[in-house]
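# Summary of structural features
Listed here are the chains, written in short residue letters.
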Amino acid sequence: MSIYPLYKEIFPPTVVEEVAYANFTGPNDINLIVGRTSILQIYKFFEEVDLASELAAIDENPVVSELGHKDEDQDFIFPALKPANSSLTMTAHLELVAQYKLHGNIASIGVIRTISSGANGMDSLLLSFKDAKLSLLEFSLATNNVITVSIHYYEREEFKREFLSNPCTTELRVDPSNRCAVMNFYCDRLAILPFRQEESMHMDEEEIARKLKNVIDMKFLDDYYEPTLAILFEPLQTWPGKLSSKKDSCSLVVVSLDLSQKLYPIIYAIEELPHSSVKLIPIPKPVGGILVVSANSLIHVDQSASIIAHAVNGYAVSATDIPLDQSQERLGLSLEGSQHLVLDSHHVLLFLANGKLYLVEFIIDGRYVSRMDVRETGESTLASCVCRINDEYVFVGSRLGDSHLIKYKLNQNENEVNKNTIDEPDLYGSGSKVAANNTLNETIDGNETSSNEIDFKICDTLTNVGPIIDMAYGEPAYPEGVDHTLHKDLELVTCSGYGKSGSLYVFHRNVDPRLISSFALEDCQNMWTVRCRKEYMYEGIKIDNGRDLNDDETFDNYLFISLNNRTMLLATGEELQELENSGFYADGPTIAVGSLLNELRIVQVHSGGLYLLDGDCKEKQLLPMAEDSEKGSIVFASIVDPYVLLLFQNGDITLLKADEKTNDIDFYQPSTINDKGIPIESCCLYRDDTALFALVEDVSVSMPQKAKIKKNDVEQREIIEKDLIYPTSSLDIDDQIDNELYGDANDPADNIISEEDENMKLDNDLEHQEGFHFLNDEIQGNDKEQITYWCTIHRKDGSLEIYRLPEFEEVFYCPHFDLFPAVLSDMIIPQKNKSPGLSTEINEITMANLGGKKKAPYLIARSNIGDIVIYKAFRYLPGNETSSEPSQAINSEDYRSRLAVRFSRAHNEYISRETIHSDDYDKPSFKKNVTQNGASHESNDLKNNDPEKKIFAISEARQSQLIPFTNISGYSGVFVTGDRPAWLICSGKSYLRIHPMSGDGVIKCFTQFHNINCHHGFLYSNKEEICRMSELPRDFSYDMEWAVRKVPLGRSVHGVEYHPEMQVYIVMTSEPIPFHIRDENGDPIDGEHDDAHYRPDTYRYFLELVSPITWETVDEHKFYEDEQGLSVKCVSLQTKSTASGRKFFVAVGTGYFRGEDVGTRGTVYIFEIVEVVPEPDNPQSNHKYKMLCFEDTKGSVTAMCDVNGYLLTCVGPKIFIRAFEDNDRLISVAFIDIQIYVTTVASIKDFILLGDVYKSLWFLGFQEEPAKLALLGKDYHELEVVSANFILDGKVLSFVVSDINKNLHLFQYAPHNVQSFAGHKLIRRGDFHVGGQVKATLMMPQREVTRRYLDRDHMINEDEGESVKRLCLCGTLDGSIGMITPIPEKMYKRMQLLYSQMVNGIQHPAGLNPKSFRLLQSNQRLATNPAKGVLDGDLLFQFPNLSLNRQREMTKQIGTTPERIMDDLLAVQISCDYF
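Quick look at the structure, then. (Residues numbered from 1 in each chain as written. Predicted model: local features only at pLDDT ≥ 70, side-chain atom pairs only at ≥ 80, totals over all residues. Heavy atoms only, no water.)

Turning our attention to helix 15 (residues 1444-1453). Taken as a whole, helix 15 has its buried residues at Leu-1444, Gln-1447, Met-1450 and Thr-1451. Seen along its axis, helix 15 keeps its buried residues to an arc of 125°; they face one direction. Turned more than 90 degrees off the buried face of helix 15, the exposed positions are Lys-1452 and Gln-1453. In this structure, the buried side of helix 15 is in contact with helix 12 (1385-1401) and helix 16 (1458-1470). (Buried < 20%, exposed > 50% of the residue type's maximum accessible area, 1.4 Å probe, protein only. Helix = DSSP H or I, 4+ residues; strand = E, 2+ residues; numbered from the N terminus. Arc of directions from axis to C-beta. Contact = heavy atoms within 4.5 Å.)

Given below as structure tokens:
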């Protein structure tokens, strides 16, 4: 009997591996392309006025201060008074535009400008992957998505030679002049991809030089007529133990690539560079040359092949024979793993591996570099990649911490002359200053810092939760008085980061609101909160209080609650008080409530008409609807000031508009919208303030005029202020000087590209001019964009229509909206109705502006079975397709009066439908709106002219389940009520995320709420008739797929465990300290060291106790200096102090490392967490560590776990079972010897699973009487095990093992299998390539799926009566969290067939093959064939994002239905729904 596993990545990777700058999504867009291993993210860069800095400057202005004291009105906002010669303080932020899951890990990113993309002024992306794959991507303006232009594959057998896999990283380099790209693979191969030839070529490096092997780095050089490549390589490798015979083993060669003749002449070559050389940095002219970075020195090589070398530590002299300048060896730097940023031709900024920043300055003597000056400038995150955006901003990506967008400014000395000329004999002279010890005080918290050299300011941050070293789950803890019934069962805690970036991260899949108060509210159907201004009479004239509409700090005035048979009105003061005597409608339920006339009137809509109320809820106008048999009663209403849209039972709509002069509301009947004969299913109004919704003719005409107007405004403001926000003129001057100094290539092809670059430059200038913001406009909140109003309608035939208000002119028509295609495009000619049975019924649509600082329109639809489909609007002009896209016959003149907008479907893996019992899928009566019979009959009935049937097209009033909100704890989005409530949140990164909120069950109604007791919170009512007033937790971030809270610790974190009895977390941390070589007695013997000969670092470890209420450390145990914590575990051991005979203790295993000449030993500690009297000002400090015992061992204690109340310890190759006697000593009762070194151990009942560093997996059994450890089975093949754990499916037990090659293996103990040799050999049941190294595994129960019958009201558990199942969570070093779970056999076979269909049936980003990506990866030949057998859940969960007709087509080929597949995917999603 076997297990049927499925792997699903439930949280994507977050570490930043690669980054590039491009104009990718548009000719005027500044994009940052970020590679997070297998995730490709596209960010848009926005620069804006830093209001905080400007307001602070205004406060410090003496003129403003004096005026402020003279005026008593403290609410008056003074304009910005700034000197005419001062410039505005600018800042920037990033917004996520798109995100793609790739079936492969990104090795490097290149940006090129091809002919097809360059025609639109846009860049293309060249992505390289493992081994030798290249993919060329472009962004489609027609689909708002990436398209794969070409795929290049160089993985040929004759290239691999002796390699089973590529031992070297695949490096991609792009020529700065966009002539070619070069990729290095298999160590000795170069693949050249020319951009202006039809065929690519590969070049064996032996053609250039016979000794050219082991390429370390390669870079293209600027200002050469032909593409010129500098290659750093090591023909004969050496190592530190061989330095006495061979020190300088690296070489540098500069090669010219003649692509037309396929000739590669060598310009110059330099041999005998230090063996520790790691990278090349091309230096732009006028300095020029190449900077070679080695571990101990910096070497500058100019065009004449002359060398200037500087030592940066005391070890450089002994590591090379090159003459060195030792004047700066006192710095004691180590340059391995450093990143660089070329600031200009004279300055290079180095980001060291320890986070320090050093500035390298080239001192010029005449025309040559005389020396280099290196000085410290600050400290930042641990950089893995660096990308310069412009002259002021740089992005620093990190694998070990958060990534930052940093604004910098290089401070120049006044006595320095212009460095762009090199004719002076001494440009710097003795006037340059050396700034020492200029360490930044604050580097990570986003504060502005400065030094004498460079000013830094962190403008934006990308959160990184990786690398995940360990993880644990525990129960959420809250202060006393908080209702615990709202929250989910568990929360997931991971330990991540390194050094000062070390942190704990708390993961919540479901939103956990902070409850303020709750009260009983029976029969509640819906609720609304409104704000309204009050009118006053002054000398017979009505005036209002003049409150600003956009004032978010104004509290809500009233709360309307619609019950089954009446409506309640409550005043929202300090307490909610019901108002009895008011003019609102109270005799029945309410359909909608909103404010009109800039919050001067309140409109209430019920089934029979409208009520218009003033700020005191006094009736101002009553507008009843005639009892017309044709229309029926009102069933739905959409209110957007100043319009009210009503939907009637027969599917007709009526529009009303408020008059600003009379303050009344009148009918504004649409002309022909109800004459089409097709009832309207759902509708909504939309207020556009983003200027995106516009007609094609308006966009085509207004774009150049708008740019011209903006330019005139800028010129006028230049005369007044003399300072522009975007100093583009300096760039033009630099380009002009470069052209005068170095000339320009006369290649005709280059001239084409240069013209495109010039056009792009002009577009960028116009974009900057359009983006001008001045301080007065920002402070006063002037909105200069024209506001437009639109009406969106969905009809029964599945079409989507958009009308412009107030003309009610149709400007957009999509006939097959109910099929949920990938792109909603406008079609002028109406299409024939599709064949019945392919669509689903859409109950509700809404359109809202969502996002952070830059909002965008989103169209959200909800089907009758609960599916949520999201579309994002984007600008589209007919004819904007690139040459790489298939051309369509589109006449632009026909679309001049149409909407210049399309909608692209947003990727969403969350399944929001309700679970249905599986047997119901086989019944023909199920889904009368989805099956063929139901859809066809209903359509025929609706097209009938019988008025009685038209009345019942919509039988009853509809309750809106898509509720937009504008400000809840600073977020905007849409809340979805119903059986599976969820938040659709657009956070600061402006990317829509879905966060479910199932902790309180079914939510019937929801509204945002803002008063003195609940600041920017919300109200909702659940199925238990309880109304709750809550707020979103402000300490959680909703930018990512899960809600994440960061708990910074400031130390490297190595392990985390949860203590279930005391409900606290045990955390193992460390901080670096200098290493001293000691003897057996612990005395140092290494003597004194100077600054130049820096010491290596070791770590001092701490055991911290963290309270989950405030997430602060309440106790700490410090270990010895040379003692390193290797394992920490919360174990359940036998004890006589409790009635149950078991108690939880904290076991810690350590090892002493004092150099290679001293033997290793270790210690086992047993701690108990006890309750103590807390400190007076800190009630959470009521727990402390109490050490019960410790035992020294003869080796390091590498892993531990508990086995039936006993403690299992792994000491090198020995396994011990110890009993905890009398709570004060450990007694060994059994042991067994294994091979080499145990890295991980797990237990279940009496069975033990061990992972060896080289000898794979061992499966043991423990017997108590007599005490004995027995080897049950093992894997006889070599495997470097990182982590191991169990998964359980009833009676079938399997082992999940992760290795160092980023694979997961499944083994099974099957003694009855013939191939297992009576169980001595573990049977391999599956293998799967994750793409990230799994460092931590966590076994937990699989959640049972609760289903319901369609014809019954009761719920059942599908797994009721079956055995217990266990799944396994996997945390990787790239920050992702995966889940491997067992599924039923029938589901597995369906999913396997669907997987085959999806591999071949859909287009994958970058043209990658998901099946090959998931194959087992190994550096050595396997003795057995890969078992495969693990389903790829990441690919299967793309099925919900396919259009309905595509889903039907795929499922029909495998003999099932989309409903059954969606139900299977939902069961997988719910299986881990604990957090």
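With that out of the way, let us pick up the nonpolar core. Phe-507, Leu-1369 and Phe-1475 are the most contacted members of the largest nonpolar core, which has 49 residues in total. The contacts of Phe-507, once residues within four sequence positions are left out, are Phe-11, Val-465, Glu-491, Leu-492, Thr-494, Trp-1042, Ala-1043, Val-1044, Ile-1377 and Phe-1475. Formed by 31 residues, the second largest nonpolar core is a distinct cluster that contains Ala-472, Ala-1043, Val-1047 and Val-1067. (Core = buried A, V, L, I, M, F, W, Y, C linked by side-chain atoms within 4.5 Å.)

What follows covers the pairing of strand 24 (residues 356-365). For strand 24, a buried count of 8 out of 10 residues is recorded, marking the element as mostly surrounded by other parts of the structure. Bridge count between strand 23 (residues 347-351) and strand 24: 5 bridges; the pairing is antiparallel. Of the residues in strand 24, the one forming a bridge with Leu-349 is Leu-359. Where strand 23 folds back onto strand 24 in an antiparallel hairpin, the turn is made up of 4 residues, including Gly-355, whose phi is positive at roughly 95°. (Pairing = 2+ DSSP bridges.)

The next thing to look at is the packing of helix 12 against helix 16. Orientation of helix 12 relative to helix 16, taken along the N-to-C sense of each, is 115°, at an axis distance of 11 Å. The angle between helix 12 and helix 16 places the two elements in the roughly perpendicular class. As for how helix 12 packs across helix 16, the hand of that crossing is left-handed. Between helix 12 and helix 16, the contacting residues are Met-1387, Arg-1390, Met-1391 and Leu-1394 on the first element and Arg-1460, Ile-1461, Asp-1464, Leu-1465, Ala-1467 and Val-1468 on the second. (Axes fitted to C-alpha atoms, helices over the stretch in contact; angles between N-to-C directions. Parallel < 35°, antiparallel > 145°, perpendicular 65-115°, else oblique. Left-handed = near helix turned anticlockwise from the far one by under 90°.)

With that settled, consider the sheet that holds strand 42 (residues 601-606). Strands pair in a sheet through their backbones, by hydrogen bonds, and they do so in one of two ways: parallel or antiparallel. Strand order across the open sheet formed by 4 strands is 41-42-43-44, with antiparallel pairing between neighbours. Unpaired on one side and paired on the other, strand 41 (590-596) and strand 44 (619-624) mark the two borders of the sheet. Ignoring which end each strand starts from, the neighbouring axes of this sheet average 15° apart. The pairing of strand 43 (residues 609-613) with strand 44 spans 5 bridges and is classified as antiparallel. Across the sheet, Leu-610 pairs through a bridge with Leu-623, a residue of strand 44.

A few words on a nonpolar patch on the surface. A contiguous nonpolar surface patch, about 380 Å² in accessible area, is contributed by Leu-1126, Ile-1236, Tyr-1237, Val-1253 and Tyr-1254. Relative to the helices and strands, Ile-1236 is located in the loop between strand 77 (1225-1233) and strand 78 (1238-1244). (Patch = residues over 30% accessible without salt bridge, like charges linked within 9 Å, V, L, I, M, F, W, Y side chains within 5 Å. Areas by Shrake-Rupley, 256 points an atom, 1.4 Å probe, with all protein chains shown as cover. Salt bridge = Lys/Arg side-chain N within 4 Å of Asp/Glu carboxyl O.)

Scanning all chains against the criterion turns up 0 disulfides. Counting only cysteine sulfurs, Cys-385 is the nearest neighbor of Cys-387, a cysteine outside any disulfide, at a range of 8.3 Å. Here Cys-1201 stays unpaired: no disulfide links it, and the sulfur of Cys-1210, its closest cysteine neighbor, is 7.0 Å away. (Disulfide = S-S within 2.5 Å.)

Attention now goes to the sheet that holds strand 39 (residues 567-572). In spatial order, the strands read 35-38-39-40; together these 4 strands make up an open sheet with antiparallel pairing. Here the strands that pair on one side only, and so sit at the sheet edges, are strand 35 (524-530) and strand 40 (576-578). Going across the sheet, the axis of each strand differs from the next one's by a mean of 25°, ignoring polarity. Where strand 35 and strand 38 (residues 558-563) come together, 6 bridges link them in antiparallel fashion. Paired with Thr-529 across the bridge in strand 38 is Leu-559.

We now examine the side chain of Thr-228. Counting through the fold element by element, Thr-228 comes out in strand 15 (residues 228-233). In terms of polar contacts, Thr-228 uses its side chain to reach the backbone carbonyl oxygen of Glu-226, at 3.0 Å. Those residues within four positions of Thr-228 in sequence are excluded, and the remaining contacts are Lys-219, Phe-220, Leu-221, Val-254, Val-255, Ser-256 and Ile-267. (Polar contact = N/O pair within 3.5 Å; in protein donor to acceptor, adjacent residues only side chain to side chain.)

Let's shift gears to the pattern of salt bridges. By the definition in use, this model includes 52 salt bridges. The partner of Glu-909 in a salt bridge is Lys-8, and the shortest N-O contact between them spans 2.9 Å. Separated by 901 residues along the polypeptide, Glu-909 in the loop between strand 57 (901-905) and helix 10 (932-943) and Lys-8 in strand 1 (residues 5-11) bring together distant segments of the chain. We note a salt bridge from Arg-375 to Glu-361, for which the minimum N-O separation is 2.3 Å. Taken as a pair, Arg-375 in strand 25 (residues 368-379) and Glu-361 in strand 24 lie far apart in primary sequence, 14 residues in all. Both residues of the pair, Arg-375 and Glu-361, count as buried. Through salt bridges with shared partners, one network takes in Glu-171, Arg-173, Asp-217 and Lys-219.

Moving on, we come to empty space enclosed by the protein. Rolled over the atoms, a probe as big as a water molecule pinpoints where empty space is left. Enumeration according to the criterion identifies 9 cavities of 30 Å³ or more in this entry. Put simply, the largest cavity is a space of about 320 Å³. Taken together, 27 residues make up the lining of the largest cavity; nearest its centre are Asp-867, Arg-913, Pro-1440, Gln-1447 and Met-1462. Counted by class, the lining of the largest cavity contains 15 nonpolar, 7 polar and 5 charged residues. (1 Å grid on protein atoms, 1.4 Å probe; cavity = no way out; pocket = protein on both sides within 12 Å on 5 of 7 lines; lining within 4 Å. Points joined across faces, edges and corners; volume = space filled by probe spheres on them. Nonpolar A, V, L, I, M, F, W, Y, C, P; charged D, E, K, R; others polar.)

Turning our eyes to something else, we now look at the side chain of Arg-1051. Residue placement: Arg-1051 occurs in the loop between strand 65 (1043-1048) and strand 66 (1052-1059). Ignoring any residue separated from it by four or fewer positions in sequence, one finds Arg-1051 in contact with Gly-499, Gly-502, Ser-503, Thr-1069, Ser-1070, Glu-1071, Phe-1102, Glu-1104 and Glu-1116.

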